[in-house]
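Descriptive analysis of the structure
Spelled out, the chains give:
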Amino acid sequence: METQPIVSNRLTSLFSTGKKNILNVYFTAGFPALDDTLRILRSLEKSGVDLVEIGIPFSDPLADGPTIQESNMVALGQGMTLKLLLEQLREIRKEISLPILLMGYLNPVMQYGVEEFCDQLGSIGIDGLILPDLPLDEYKAFYKNAFERNHLSNVFLVTPQTSEARIREIDQESTGFIYVVSTDSTTGNAKDISGAAPYFERIRAMQLQHPALIGFNVKDHSSFSFACQYAQGAIVGSAFIRMLQASKNLESDIETFVRSLRTGQ
Amino acid sequence: MNFNVNEKGYYGNFGGAYIPEMLHPNVEELRNHYLEIIHDPAFQAEFQDLLRDYVGRPTPLYLAKRLSEKYNTTIYLKREDLNHTGAHKINNTIGQILVAKRLNKHRIIAETGAGQHGVATATACALMGLECIVYMGEVDMERQKPNVERMRMLGATVVPARSGSKTLKDATNEAIRDWINNPVDTHYIIGSVVGPHPYPDMVARFQSVISEEVKKQLKAKTGSELPTHVIACVGGGSNAAGAFYHFLDHKEVRLIAAEAAGLGVTSGYSAATTVLGKPGIIHGSKTLLMQTEDGQIVEPHSISAGLDYPGIGPIHAHLFETGRAEFMAITDKEAFQSAVLLSRLEGIIPALESAHAISALDHLDLKKEDVVVLNLSGRGDKDLQTYINRKSEFMND
Ligand SMILES: Cc1ncc(COP(=O)(O)O)c(C=O)c1O
């Protein structure tokens, strides 16, 4: 089925190249310091990551483990808000060409106003949005138009427990990639992803229309390269946040972190 | 006006299931099976037997003569405090444990605020021989200590929730995270009419036994099954949902919901959700909740751990929006004084939660011929330490 994509942006361009070993890095906006958002973006681009997810801090991040909970609380404590994040990102496309997704929980977006929020992201040049607690039906009924007119990719999660029928439905409605949650887990758990091979195989065998990235508990070179055997790439979040937390020099530590993820050195 | 949940899990504008994908299979399994399970005659037989012989139902509908005299009206207390374990919470945990068994789950998790739901869950688990893990805010573990010890005696593991204000909301977050990490063998027994569909409806059905009994008992006592007022406190709103349930379509019955005002609705230390809240998403449900302009959930305050919650169940958001129920905000001090009042007038020490419902009597212009049913959701043993420690502060006038 070769049809003109409804949504086309930096993210869909990235995937259309067929690139492998895609590295997607998540970080929380406003962490470690309130104004670090741009600094981190610049370093990540320079270090050669393929795309980034910027987390919108939320007081009650249900799907997150202690590390990301903590980064959310710190960011909120420092005064991060959705409005401020959009201001920080306003001029971003003058210097950053990486695909950028925002990830966050639904309530702050609802309070901001869905239509207005999507229009803002469109005008800034953000490429997509991950809202884990947005139900598929609700997306179709109330969000889809605003996403599409702003060329925002939507990204839905699947887990080891997601039925094949539902994975197909999610694939049908997706306009970016499928976020394959590696294990039954909140983020940053100690669970080892190496036992998940049969599940990753099962997803790969489904030959979905959209590329897949594996996330949750991908934390080092070994888990990253393991995930890349089964999908176009992987997503690193908590491990990156832990590094930021301990960092004395963001620029050089980010570079080292990314190199070590890619090469093991 | 329809007060039942629709097939998508909405009460009017509120409800639904706003959950991350990790919870979807479990919530969907429950949604697909809960009605069929509850309507199964074998389930009903087992449930009704346990409610009668184990929980001690029906609970009395007691004509509180001295309290009635004070308010110059007729007040009946629905004695949920006389249930096994001391509150209405066990109506729900017995129902849900039977559902969990039929879904082949052998690990049970729960959140608790006052500890009453935790104790009721630990009790049901002991009865059925199932593993039980209860999440409880660290602050609540301190102020409801006897219930922590009861849960442990019953064989449950109590896990402190240390995030946020370390109260009910945070315990609920931790329970949800546990379920994300253990999706296969675990059932989450939510303790109120909150959470994603079908929880609010399922819990309301299990608690509806309260109003079912009230109707019969009132008919026997007064000749009419309808009171003029039904009063209940609202944390998440399960005892209120149960007390209102069979009266929802009787417009002539005034439904009064007592919320926790904490130090006062404008004090910044309050849990009066209908006054301070706006529509949003909390714990998987679209409802009224206390939040900042940026959509961050606000930490609530109430002297009563069971009402110390920044949201209300979606059914109550709907009853509020449609005006079907009247909401009243009761301060810590008012509730405390009502607890003392009921103790002295009727020889019944109420839970601090239930004491909020008693205070609603002061805000109603009751007439002699009114017949008020007040749902006494629980007893005050767990609050004794608070009653002792804060007496001088609250009883000084
Ligand atoms: C005695 C008692 N009443 C009321 C509540 C509040 O819960 P709900 O609003 O669900 O009835 C609690 C909760 O812990 C309780 O223990």
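Residues numbered from 1 in each chain as written. Chains lettered and ligands numbered in written order. Predicted model: local features only at pLDDT ≥ 70, side-chain atom pairs only at ≥ 80, totals over all residues. Heavy atoms only, no water.

With that settled, the discussion passes to the pairing of strand 1 (residues 22–28) of chain A. Residues and elements named next belong to chain A. Among the 7 residues that make up strand 1, 7 are buried, leaving the element largely enclosed by the rest of the structure. A two-sided burial pattern is seen for strand 1, the buried positions comprising I22, N24, Y26 and T28 on one face and L23, V25 and F27 on the other. Direction of pairing for strand 1 relative to strand 9 (residues 233–236): parallel, over a ladder of 4 bridges. Its bridge partner being in strand 9, V25 is matched across the sheet by V236. With 5 bridges joining them, strand 1 and strand 2 (residues 51–55) adopt parallel strand pairing. Bridging across to strand 2, Y26 finds its partner in E53. In the classification by handedness, the crossover that spans strand 1, the intervening helix 2 (residues 36–47) and the parallel strand 2 is right-handed. (Buried < 20%, exposed > 50% of the residue type's maximum accessible area, 1.4 Å probe, protein only. Helix = DSSP H or I, 4+ residues; strand = E, 2+ residues; numbered from the N terminus. Pairing = 2+ DSSP bridges. Right-handed = clockwise from strand over helix to strand, strands pointing away.)

In this section: the site of the ligand. Residues and elements named next belong to chain B. By nearness alone, 18 residues border the ligand, and S192, G235, G237, S238 and S377 come closest of all. Residue K89 places a side-chain N or O atom 3.0 Å away from an oxygen atom belonging to the ligand. For the ligand, an oxygen atom lies 2.7 Å from a polar atom in the backbone of G235. By residue class, the composition of the shell around the ligand is 5 nonpolar, 11 polar and 2 charged. Two domains each put at least three residues into the shell around the ligand: domain 1 (18–50 + 89–203) and domain 2 (58–86 + 209–394). (Near = heavy atom within 4 Å. Polar contact = N/O pair within 3.5 Å; in protein donor to acceptor, adjacent residues only side chain to side chain. Nonpolar A, V, L, I, M, F, W, Y, C, P; charged D, E, K, R; others polar. Domains from an automatic or database assignment.)

Residues and elements named next belong to chain B. Here chain B is partitioned into domain 1 (18–50 + 89–203) and domain 2 (58–86 + 209–394). Computed from C-alpha atoms alone, the centre-to-centre distance between domain 1 and domain 2 is 22 Å. The partner domain 2 presents 36 residues to the 34 residues of domain 1 that form the contact. Together domain 1 and domain 2 conceal approximately 2,600 Å² of surface at their shared face, both sides included; 57% is due to carbon and sulfur atoms. A per-residue breakdown of the area domain 1 buries against domain 2 is headed by Y18, R143 and K169, which together make up 25% of the total. Here domain 1 is connected to domain 2 by 2 salt bridges. Put simply, the parts of the chain that give the side of domain 1 that touches domain 2 at least two residues each are helix 4 (89–102), helix 5 (116–128), helix 6 (138–143), helix 7 (145–153), helix 8 (168–181) and helix 9 (199–207). If one sorts the elements of the side of domain 1 that touches domain 2 by residue count, helix 8 sits on top with 6 residues. Class assignment for the residues of the side of domain 1 that touches domain 2 results in 14 nonpolar, 14 polar and 6 charged. (Contact = heavy atoms within 4.5 Å. Buried area = accessible area lost by both parts, 1.4 Å probe. Salt bridge = Lys/Arg side-chain N within 4 Å of Asp/Glu carboxyl O.)

Attention shifts here to the sheet that holds strand 6 (residues 156–158) of chain A. Residues and elements named next belong to chain A. Spatial ordering of the open sheet is given by 5-4-3-2-1-9-8-7-6, a layout of 9 strands whose pairing is parallel. A single partner strand is all that each edge strand has here, and the edge strands are strand 5 (153–154) and strand 6. Where strand 7 (residues 178–181) meets strand 8 (residues 212–215), 4 bridges bridge the pair, whose relative direction is parallel. Within strand 8, the position partnered with V180 by the bridge is I214.

Bringing the pattern of salt bridges into the picture now. Inspection of every chain in the model, using the stated rule, returns 44 salt bridges over all chains. Among the salt bridges present, the one from K169 of chain B reaches D60 of chain A, with a minimum N-O distance of 2.6 Å. One end of the pair, K169 of chain B, is in helix 8; the other, D60 of chain A, is in the loop between strand 2 and helix 3 (66–77), on a second chain. You can call K169 of chain B buried: its relative accessible area is 1%. For R168 of chain A, the salt bridge is made with E164 of chain A, and the minimal N-O distance between the two is 3.4 Å. Of this pair, R168 of chain A and E164 of chain A both sit in helix 8 (residues 164–173), separated by 4 residues, roughly a single helical turn. With a relative accessible area of 35%, R168 of chain A lands in the partly exposed category. Among the charged side chains, a network of salt bridges with common partners joins D60 of chain A together with K169, D170 and E299 of chain B.

This part covers the interface of chain B and chain A. Contacts between the two partners involve 33 residues from chain B, matched on the other side by 37 residues from chain A. Between chain B and chain A, roughly 2,700 Å² of surface is buried when both sides are summed, and carbon and sulfur atoms account for 53% of that area. Looking only at chain B, the three residues that lose the most surface to chain A are E21, M22 and R177 of chain B, adding up to 22% of its buried area. Summed over the shared surface of chain B and chain A, the result is 4 salt bridges. Residue contributions to the side of chain B that touches chain A peak at 7 residues, all from helix 8 of chain B.

Our next topic: the packing of aromatic side chains. Under the definition given, this model contains 21 aromatic pairs over all chains. Ring centres of F200 of chain A and F226 of chain A lie 6.3 Å apart, and the angle between their planes is 55°; on these two criteria the pair is classed as tilted. Here F200 of chain A, found in helix 9 (residues 197–205), pairs with F226 of chain A, found in helix 10 (residues 221–228); they are 26 residues apart in sequence, far enough to count as distant. The class for F200 of chain A is buried, based on a relative accessible area of 2%. Residue F226 of chain A is classed as buried on the basis of its relative accessible area, which comes to 16%. Taken together, the ring pairs in this structure connect F15, F177, Y179 and F216 of chain A into an aromatic cluster. Between K70 of chain B and the ring centre of Y71 of chain B, over which it is positioned, the NZ or CZ distance is 5.3 Å. (Phe/Tyr/Trp six-rings, centres within 6.5 Å; stacked < 30°, edge-to-face > 60°. Lys NZ or Arg CZ within 6 Å of the ring centre and 35° of its normal.)

Residue and element names in this part refer to chain B. There is a patch of nonpolar side chains on the surface, built from I349, L384 and I388 and spanning about 280 Å² of accessible area. Mapping L384 onto the fold places it in helix 16 (residues 384–389). Of the residues examined, L384 reaches a relative accessible area of 43% and is grouped as partly exposed. (Patch = residues over 30% accessible without salt bridge, like charges linked within 9 Å, V, L, I, M, F, W, Y side chains within 5 Å. Areas by Shrake-Rupley, 256 points an atom, 1.4 Å probe, with all protein chains shown as cover.)

We now examine the nonpolar core. With 191 residues, the main nonpolar core has L44, L102, F177 and F240 of chain A together with F244 of chain B as its most contacted residues. Residue contributions to this core reach at least three from each of two domains, namely domain 1 (18–50 + 89–203) and domain 2 (58–86 + 209–394) of chain B. Formed by 34 residues, the second largest nonpolar core is a distinct cluster that contains I75, I256, L374 and F394 of chain B. (Core = buried A, V, L, I, M, F, W, Y, C linked by side-chain atoms within 4.5 Å.)

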